[in-house]
Amino acid sequence: MTDVALPPSPAVDATAVRAVADGLSRPQKELPPRFFYDEHGSRLFEEITRLPEYYLTRTERTLLAEWMPVWVGALRPRTLVELGAGSAEKTRIVLDAITAAADASVYVPVDVSAEFLDETAGRIGGDYPSIQVVPVVADFTDAFALPDGLPAPALHAFLGSTIGNFAPDDAVALLRRVRERMSGADRFLMGVDLRKDPAVIEAAYNDAAGVTAEFNRNMLRVVNAQAGADFDVDAWEHRASYNAADHWIEMHLVCLRDQEVAVPGAGTFSFAAGETIRTEISAKHDRASVDALFVASGLRVDEWTTDDDALYALVLASPVA
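All figures in this text were calculated on a predicted structure; none of them were measured in a lab.

**Remarks on helix 5 (residues 114–127)**
Working step 1: End to end, helix 5 covers 20 Å across 14 residues, agreeing with the expected 20 Å (1.5 Å per residue, within 8%).
Working step 2: Within helix 5, burial applies to F116, L117, T120, A121 and I124. Buried residues of helix 5 fall within an arc of 130° about the axis and therefore sit on the same side. In helix 5, the exposed positions angled more than 90 degrees off the buried face are occupied by D118 and G126.
Working step 3: Here the buried face of helix 5 lies against helix 2 (39–48), helix 4 (91–101), strand 2 (105–111), strand 3 (131–133) and strand 4 (136–137).

Below is the structure:
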C-alpha cells in the first residue's frame, strides 16, 4: 500500500473503508464476508443453495423438517431470532413448527442487506399472519441491539452452516454475544457442515455453472459501491480449495494482472499477477470441535443430530448458568 491517502468521499461508508483497508493491509490480503451481500449477492447465494453440488441446504432442510416439530414443540418459543436470515425459505420449516406450538409469536430476521431483508420480511409477514415480523438490518458479526420487549422464550437460530465462516476465536466471540442475549429458558439452534471427503466439499464451492465464481467476484462490486474502491471485477478470477490442516475451505479472488486499486480515504493498494485476496473460509466441524466452541461460549449441547451420510448436523443448545 502507498503512504499517500486519498481524500475521503462523502458518498462512501467509513466503516466499509476501514474494513477494506484493514483486510488489504494484511500479509494475506482478505475481505470480510459481509461484502458478499448486496441485493445481487444475496440472490446469487440463494441460487447457490439450489445447485446440485451444494448439498448443505437440502440436507439441512431435511433435518429441519424431521426435528423442528419435536424440538420446537418442546420449547414452544414465542420469539425466533435468526442471524443471517437471507430469503428465510428454510426458516419457514421452523416458523411452521412455531405456529403449531404457539398462538402468536415474533420473528426477528437479522441481515446486512436492507433491500433483501425488506423483501423477505414482506413475504413472511404475508404468509404468516399470526407472526409479527420485526426485521433488523445489522451486520451480525458485530454487536447489535435486538428490539425491546420480545416475548419469551426465544429461539436463536444460526442456520446454513454460517458458523464455518469464522475462525475458532471469532466463532467463540460471536457465540458469546448470542449467549449474552439469552435467558435461561432460551435455546440456540445451529446448522453445522461436517468434515468429510474433501472432494465433496470442494465441488460444493466450485460448481459447474459458475454461480459461486460470480458470487465471489460480486464482492468487489459491493466493495466498490460501499467503500468507493475502483476494483476492475473482470481482472479477478475465483478459486476455492480445501485446507486439510485447518479443516476449512478457502475462497480466494486471484489477480489476473499487475494492478493498483484506490480506496478513498485509505490509499492505493498494489496487486501482482497471481496474488490473491481471501474472501471466505468455511470451516468444517465435528462433534468435538462444536463442543469446544460451545464450552468456550457459555453454551451446552442439548441435542445433536445428523443425516444418514453424516454430511451435516443440527445442534440445539442451552445457556450455561
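From this point, things continue past the structure.
**As for the pairing of strand 10 (residues 267–271)**
Working step 1: Most of strand 10 is tucked away: four of the five residues are buried.
Working step 2: As judged from the five bridges shared by strand 9 (residues 259–263) and strand 10, these two strands associate in the antiparallel manner. Across the sheet, the residue bridging to A262 is T268, located in strand 10.
Working step 3: Hairpin connection of strand 9 to strand 10: three residues between the antiparallel strands, including G265 at a positive phi of 85°.

**Topic: helix 1 (residues 14–24)**
Working step 1: Here helix 1 has its buried residues at A16, V17, A19, V20, A21, G23 and L24.
Working step 2: Where helix 1 is buried, its residues touch helix 8 (211–227), strand 9, strand 10 and strand 11 (276–283).

**Focus: the sheet that holds strand 8 (residues 248–255)**
Working step 1: Strands sit in the order 7-8-11 across an open sheet of three strands; the sheet is antiparallel. In this open sheet, the two strands that pair with only one neighbour each are strand 7 (236–243) and strand 11. Looking at each pair of strands side by side, their axes are set apart by 20° on average, direction ignored.
Working step 2: As paired elements, strand 7 and strand 8 share eight bridges and run antiparallel to each other. By the bridge assignment for strand 8, W236 is matched with C255.
Working step 3: On top of the sheet, helix 8 reaches strand 7, strand 8 and strand 11; it is set at about 115° to strand 7, its chief contact.

**So, unusual backbone geometry**
Working step 1: The residue after A152, namely P153, is reached through a cis peptide bond having omega -5°.
Working step 2: Mapped onto the fold, P153 is located in the loop between strand 4 and strand 5 (154–158).
Working step 3: In the Ramachandran plot, A88 falls in the positive-phi region, its phi being about 60° despite a non-glycine side chain.
Working step 4: Here A88 shows up in the loop between strand 1 (79–83) and helix 4.
Working step 5: Its relative accessible area of 2% is what places A88 among the buried residues.
Working step 6: Look at S161: it is not a glycine, yet its phi comes out positive at around 60°.

**What about the pattern of salt bridges?**
Working step 1: With the rule as written, the count across this model stands at 21 salt bridges.
Working step 2: Note that K90 is salt-bridged to E60, the shortest N-O span being 3.8 Å. Remark: E60 occurs in helix 3 (residues 55–75) and K90 occurs in the loop between strand 1 and helix 4; sequence separation between them is 30 residues.
Working step 3: Taking the relative accessible area as the measure of exposure, E60 reaches 1% and is therefore buried.
Working step 4: Among the charged side chains, a salt-bridge network with shared partners connects E39, R43, E89, R92, E119, R123 and D127.

**Considerations on the packing of aromatic side chains**
Working step 1: Overall, the coordinates contain 13 aromatic pairs when judged by the stated rule.
Working step 2: Relative to Y54, the ring of F45 lies with its centre 6.4 Å away and its plane at 85°, an arrangement referred to as edge-to-face.
Working step 3: Between F231 and F271, the aromatic rings sit 6.0 Å apart at their centres with planes inclined by 50°, giving tilted as the arrangement. Linking F231 in the loop between helix 8 and strand 7 with F271 in strand 10, this pair joins segments that are 40 residues apart in sequence. You'll find F231 and F271 in the same group, each marked buried.
Working step 4: Joined through ring pairs, the aromatic side chains of F36, Y37, F45, Y54, Y205 and F215 make up one cluster.

What counts and what doesn't
Residues numbered from 1 in each chain as written. Predicted model: local features only at pLDDT ≥ 70, side-chain atom pairs only at ≥ 80, totals over all residues. Heavy atoms only, no water. Helix = DSSP H or I, 4+ residues; strand = E, 2+ residues; numbered from the N terminus. Expected span 1.5 Å × (residues − 1). Buried < 20%, exposed > 50% of the residue type's maximum accessible area, 1.4 Å probe, protein only. Arc of directions from axis to C-beta. Contact = heavy atoms within 4.5 Å. Pairing = 2+ DSSP bridges. Axes fitted to C-alpha atoms, helices over the stretch in contact; angles between N-to-C directions. Salt bridge = Lys/Arg side-chain N within 4 Å of Asp/Glu carboxyl O. Phe/Tyr/Trp six-rings, centres within 6.5 Å; stacked < 30°, edge-to-face > 60°.

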